[in-house]
Amino acid sequence: MRNALGLMLASVLAAVVIAAGGWFYYSSRADQAAPKTIAARAADPLSAQAKLAAKDDVSITAAIADKPTTLAQAPAPAPAIPVQQKQTCANPNALGVSRVVEIDTTGGPGFGFETFKQFDFLTDKEVVLTFDDSPWPVNTPAVLKALGEECTKGLFFSVGKHAMWHPEILRQVLAQGHTVGTHTWSHLNLNSKKMTEQQAKDEIEKGFSAVKLALGTNPAPFFRFPQLQHNPAMVTYLGTRNVAMWSTDLDSFDFRKGATPEKIVETVMTKLDKLGKGIVLMHDFQKHTGEALPTLLARLKAGGYKIVQIKAKTTFQSLPEYDEAVLKDLKVPTASTTTRPISSVVQTVSQ
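Residues numbered from 1 in each chain as written. Predicted model: local features only at pLDDT ≥ 70, side-chain atom pairs only at ≥ 80, totals over all residues. Heavy atoms only, no water.

**Describing the packing of aromatic side chains**
The description of an aromatic ring pair rests on the distance of the ring centres and on the angle between the ring planes.
Working step 1: Scanning the model with the defined rule gives twelve aromatic pairs in all.
Working step 2: Ring geometry for Phe 223 and Phe 225: centres 5.0 Å apart, planes at 85 degrees, overall edge-to-face. Comparing Phe 223 with Phe 225 shows no difference in burial state: the two are buried.
Working step 3: Taken together, Phe 111, Phe 119, Phe 121, Phe 222 and Trp 246 form an aromatic cluster joined through their ring pairs.
Working step 4: One Lys or Arg, Lys 125, reaches over the ring of Tyr 305 and ends 4.2 Å from the middle of that ring.
Working step 5: Note that Arg 256 overlies the ring of Phe 253, its terminal NZ or CZ placed 3.8 Å from the centroid. (Phe/Tyr/Trp six-rings, centres within 6.5 Å; stacked < 30°, edge-to-face > 60°. Buried < 20%, exposed > 50% of the residue type's maximum accessible area, 1.4 Å probe, protein only. Lys NZ or Arg CZ within 6 Å of the ring centre and 35° of its normal.)

Pasting the structure below:
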């Protein structure tokens, strides 16, 4: 009897011990898993932001990330030049622009009847305003001011060296909606007997590279030969680069000694009235051109002439070796950040 009773008590005691052990085992397993669950919920949000900030720092240094996580974290998109915003013309009686022409430069077409006779795209009373030797302090801004007051547009051919000396002015030209082409690196006569074919090619390509670097973006594939001296080999070469060449229909002779604003206006208007239309050659490098332009634009409007704006279907792709050559000549550091637009390097975060 005592043995049976003892046996029963031992069984009960064993059951209690087993139950307690099981409770302790599962409780301890639950306690071990708990920190993982708590850690996942309580992850420090600052550490994640720090990682994103570090990622953004790398992206800004190299290039803006393709897919920023949030608008707050993404750097504001910024072009190489000021954004052109369509604005209502403040001058209700402005000359304006009658139509915009887009040029497909494939094969290197030529324009301007003084040299090229194939493409006659202007109708009666239509005028294209072109300016050589951009940019230059005081004189180019004066031209831009006159064009802006009449809400009209021009085609500018920039000299590479001038572009590198005064890039901020050339950016103003493009930012105000004008078209920018090139006019060689240093305005040499490419048809000179002393000029080798390679030297002429270098003048052309370095000019394009310089204008590209000054603008922070590709220029139009438009080119004008200095002094309108068309080197036959370079005409062929420009065709292989799909660059349109621009001569003129009438020259303002604003570069001649003794030129005055009055003479410039009379020269242009006399020739225009005779031809009835045309591509006008001027120089924003010349002081008297800017002085003559307000009167000239007023005369054009009074005479019933209309301005045609020229644009290119594509942009010009410069060659890397010439980009590097321009930087080397100017003793500019050739780090990878050199060609980045300033807006991707320096941004206003508070004002």
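**Section: the state of the cysteines**
Working step 1: Per the stated rule, a full pass over the model turns up one disulfide.
Working step 2: Two residues, Cys 89 and Cys 151, share a disulfide whose sulfurs are 1.8 Å apart. Its S-S torsion of about 85 degrees marks the bond between Cys 89 and Cys 151 as right-handed, since a negative value means left-handed. In this pair, Cys 89 is assigned in the loop between α2 (45-62) and β1 (99-103) and Cys 151 in the loop between α3 (139-149) and β4 (155-158), connecting sequence segments 62 residues apart.
Working step 3: Assessed through its relative accessible area of 30%, Cys 89 is described here as partly exposed. (Disulfide = S-S within 2.5 Å. Helix = DSSP H or I, 4+ residues; strand = E, 2+ residues; numbered from the N terminus.)

**Points about the nonpolar core**
Working step 1: Membership of the largest hydrophobic core comes to 38 residues, with the highest contact counts inside it found for Leu 129, Leu 293 and Leu 300.
Working step 2: Once residues lying within four places of it in the same chain are set aside, the contact partners of Leu 129 are Leu 147, Lys 153, Gly 154, Leu 155, Val 280, Met 282, Leu 297, Leu 300 and Ile 307.
Working step 3: Val 101, Val 128, Phe 222 and Trp 246 belong to the second-largest nonpolar core, a separate cluster that totals 15 residues. (Core = buried A, V, L, I, M, F, W, Y, C linked by side-chain atoms within 4.5 Å. Contact = heavy atoms within 4.5 Å.)

**Things to note about helix α8 (residues 261-275)**
Working step 1: In this model, α8 (15 residues) spans 21 Å end to end at C-alpha, consistent with the 21 Å of a helix rising 1.5 Å per residue.
Working step 2: Here α8 has its buried residues at Pro 261, Ile 264, Val 265, Val 268, Met 269 and Leu 272. The buried residues of α8 occupy an angular sector of 115 degrees when the element is viewed end-on, so they sit on one face. For α8, the exposed residues set more than 90 degrees away from the buried face come down to Glu 262, Lys 263, Thr 270 and Lys 274.
Working step 3: Next to the buried residues of α8 lie β3 (126-134), β8 (250-251), β9 (278-283) and α9 (287-302).
Working step 4: Positioned one or two residues after α8, Gly 276 has a phi angle of 90 degrees, which is positive. (Expected span 1.5 Å × (residues − 1). Arc of directions from axis to C-beta.)

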